[in-house]
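Next come the chains, spelled out residue by residue.
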Amino acid sequence: MRRGERRVHGGALGKAALEEQPGPPAPPQPNGGAPGAERDGAGLRRSTESEVYDDGTNTFFWRAHTLTVLFILTCALGYVTLLEETPQDTAYNTKRGIVASILVFLCFGVTQAKDGPFSRPHPAYWRFWLCVSVVYELFLIFILFQTVQDGRKFMKYIDPHLGVPLPERDYGGNCLIYDPGNETDPFHNIWDKLDGFVPAHFFGWYLKTLFGFDPQAHQKLQSDKAQLFYKQAGAVVLYFHFTSFTLMIRDWWMCMIISVMFEFLEYSLEHQLPNFSECWWDHWIMDVILCNGLGIYCGMKTLSWLSLKTYKWQGLWNIPTYKGKMKRIVFQFTPYSWVKFEWKPASSLRRWLAVCGIIFVFLLAELNTFYLKFVLWMPPEHYLVLLRLVFFVNVGGVAMREIYDFMDDPKFHKKLGQQAWLVAAITATEFLIVVKYDPYTLTLSLPFYITQCWILGIILVLTWTAWRFFIRDITLRYKEIRRQKQEHRHEKDKCLSNGDGHSALLDEPNGNKPRERKL
């Protein structure tokens, strides 16, 4: 949907609709929309969606510029064809041809692809990430169809420093909170993991893989400053990652379940990847409580502010004051409207399975971060690892909104959104690459006590599912039928005791036939 076509909640559609209805807009609801999943009478807004007022201004900034992009692209290709001399380097020409092909596809997608649910800061921004998703999925498919040696060798074409096996770091060596053997700093184990941890974690758990890098274990030893940088950069990642999780999922319980479940997965898989081995206080105090918990708390506060914010949009040139213009520019980077997510997993079997599937995909995407760099021999600080995680932060929000719309209102959203489909395909393809490139690591058997714990957990979940959606429903249905029969028998006995000889309830299905027979 283009900017000029964006719906204005309350019945108006863009600028043309505003011209047809010159009257003042209806006042917003006092609470911005009561909780629920039903749409209003116009069928344009769910009750969980905020009221939005838009004057429909369609400026140069919002137009598609398809002809402009086509003209610039043609000029660039003409310049390369007519004025540049083609180098006699096959590898260089191949790389440049692939990059040019990707850029042309991105230009096409940004101007022609279908808009998603988000429109701020600009719909073209989200169309760009949609096209990047397609490119990334095609790249993964290409890697999947290579042999293990050729796939790792191909990574050298992207960066000559890749293709070298890197050892993982074990964080569970010394777990003493107070180390009496270190007289200078007995709490050095805590400070080593806490340096820059809390403030940096706010800017990204999507860079968490940096924690797995041991600079001293690399073939080229890094300086102390570089080690501190990697440690702090790795600390940066966890915090913002869970803040972004909160903004994607918009539910405190689901975020905490994902946080705790990932720590259990680290416990379970530390025999496969050594960097999963951490101290108990690193798992539960620093990760779950301090970093993830603080990130989720800040995310929930942001959600509260966004749900109470007034979404009233005016064109920049329609605002008279400079302060108002600057405020409008800043708010351009906030959502156009806000939808409160009400997952309600226990309301139906369909929603329960959908929520379990969402949690499973989230955890699988997190595990893919560690396993991909392990099987493709990418150091955690490499820019490809960081770009992948930044990519998931951008596409994850759109995918979650599309999944929620599809699950919450299947009559209005008849198919799964394009970004959600691509994210699911990318996550599955990454896992298949891990399975193909290192099946030995994945098939290392779990310790017996870990297996027992997972079997017990699965049995509990399946038992609760059977009770909640089958046994409980059957029991309630049986009780309801028995209650209706008792009420029916009571009404019949009451009619007989009054001397009617006939029950009015029995006469209703047959219409006037008893009366005609009596006459």
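It should be emphasised that the depicted structure is a prediction, and the values quoted were computed from it without experimental measurement.

Considering the nonpolar core
Counting residues in hydrophobic clusters, the biggest one holds 54 residues, and the most contacted among them are I249, W343 and F391. Take this core: its biggest share by element is 10 residues, from helix α12 (residues 349-375). The next biggest cluster of nonpolar side chains, apart from the first, holds 7 residues, and it includes L306, Y311, W313 and Y336.

Points about the side chain of R388
With respect to the helices and strands, the residue R388 is situated in helix α13 (residues 383-408). A distance of 3.2 Å separates a polar atom in the side chain of R388 from the backbone oxygen of A365. Once residues lying within four places of it in the same chain are set aside, the contact partners of R388 are Y136, A365, N368, T369, L372 and E430.

A short note on helix α14 (residues 418-437)
Here α14 contains 20 residues, and its C-alpha end-to-end distance of 28 Å stays within 8% of the 28 Å for a straight helix at 1.5 Å per residue. Turning to α14, its buried residues number three or more, namely Q419, A420, L422, V423, A425, I426, T427, T429, E430, I433, V434 and Y437. Close packing links the buried residues of α14 with α4 (123-144), α5 (148-158), α12, α13 and α15 (439-442).

So, the packing of α4 against α14
Running from N to C, α4 and α14 cross one another at 25 degrees; their axes reach a closest spacing of 10 Å. One element, α4, and the other, α14, form an angle in the roughly parallel class. α4 and α14 meet at a crossing whose hand is left-handed. Taken together, the residues of α14 that come into contact with α4 (itself represented by W129, L130, S133, V134, Y136, E137, L140, I141, I143 and L144) are Q418, Q419, L422, A425, I426, T429, E430, L432, I433, K436 and Y437.

Describing the packing of α13 against α14
Running from amino to carboxyl end, α13 crosses α14 at an angle of 130 degrees, the nearest separation of the two axes being 7 Å. Put simply, α13 runs oblique to α14. The handedness of the crossing between α13 and α14 comes out as left-handed. Of the residues in α14, those in contact with R388, F391, F392, V395, V398, A399, E402 and I403 of α13 are Q418, Q419, A420, V423, I426, T427 and E430.

Observations regarding the UniProt feature "transmembrane region" (unreviewed entry) in the chain
In this structure's numbering, the residues bearing the UniProt feature "transmembrane region" (unreviewed entry) are residues 60-82, 94-113, 125-145, 281-300, 352-371, 383-400, 420-437 and 449-470. A helix fraction of 74% and a strand fraction of 0% characterise residues 60-82, whose end C-alpha atoms lie 32 Å from each other.

Looking at the side chain of D115
Inspection of the secondary structure puts D115 in the loop between α3 (90-112) and α4. Of the residues examined, D115 reaches a relative accessible area of 12% and is grouped as buried. A distance of 2.3 Å separates a polar atom in the side chain of D115 from a polar atom in the side chain of R127.

Things to note about the confidence of the model for the chain
For the chain, per-residue confidence averages 75 on the pLDDT scale, and 71% of positions sit at 70 or higher. Averaged over each element, pLDDT in the chain is lowest for helix α1 (residues 14-20) (36) and highest for α14 (95). Low pLDDT, under 50, characterises residues 195-240; the stretch is placed with 122 contacts to residues that sit more than four places away or in other chains.

Description of the pattern of salt bridges
Once their charged atoms are close, side chains differing in charge can pair, the charge on each being opposite to the other. Going through the model one piece at a time under the given rule, you end up with 8 salt bridges. E430 is the salt-bridge partner of R388, the closest N and O atoms lying 2.9 Å from each other. Taken together, the residues span a long stretch of sequence, with R388 in helix α13 and E430 in helix α14 at a distance of 42 residues. The structure contains a network of salt bridges with shared partners spanning E480, R483 and E487.

Quick notes on the rules
- Residues numbered from 1 in each chain as written.
- Predicted model: local features only at pLDDT ≥ 70, side-chain atom pairs only at ≥ 80, totals over all residues.
- Heavy atoms only, no water.
- Core = buried A, V, L, I, M, F, W, Y, C linked by side-chain atoms within 4.5 Å.
- Buried < 20%, exposed > 50% of the residue type's maximum accessible area, 1.4 Å probe, protein only.
- Helix = DSSP H or I, 4+ residues; strand = E, 2+ residues; numbered from the N terminus.
- Polar contact = N/O pair within 3.5 Å; in protein donor to acceptor, adjacent residues only side chain to side chain.
- Contact = heavy atoms within 4.5 Å.
- Expected span 1.5 Å × (residues − 1).
- Axes fitted to C-alpha atoms, helices over the stretch in contact; angles between N-to-C directions.
- Parallel < 35°, antiparallel > 145°, perpendicular 65-115°, else oblique.
- Left-handed = near helix turned anticlockwise from the far one by under 90°.
- UniProt positions renumbered as here; feature names shortened; annotations may be inferred.
- pLDDT = per-residue confidence, 0-100.
- Salt bridge = Lys/Arg side-chain N within 4 Å of Asp/Glu carboxyl O.

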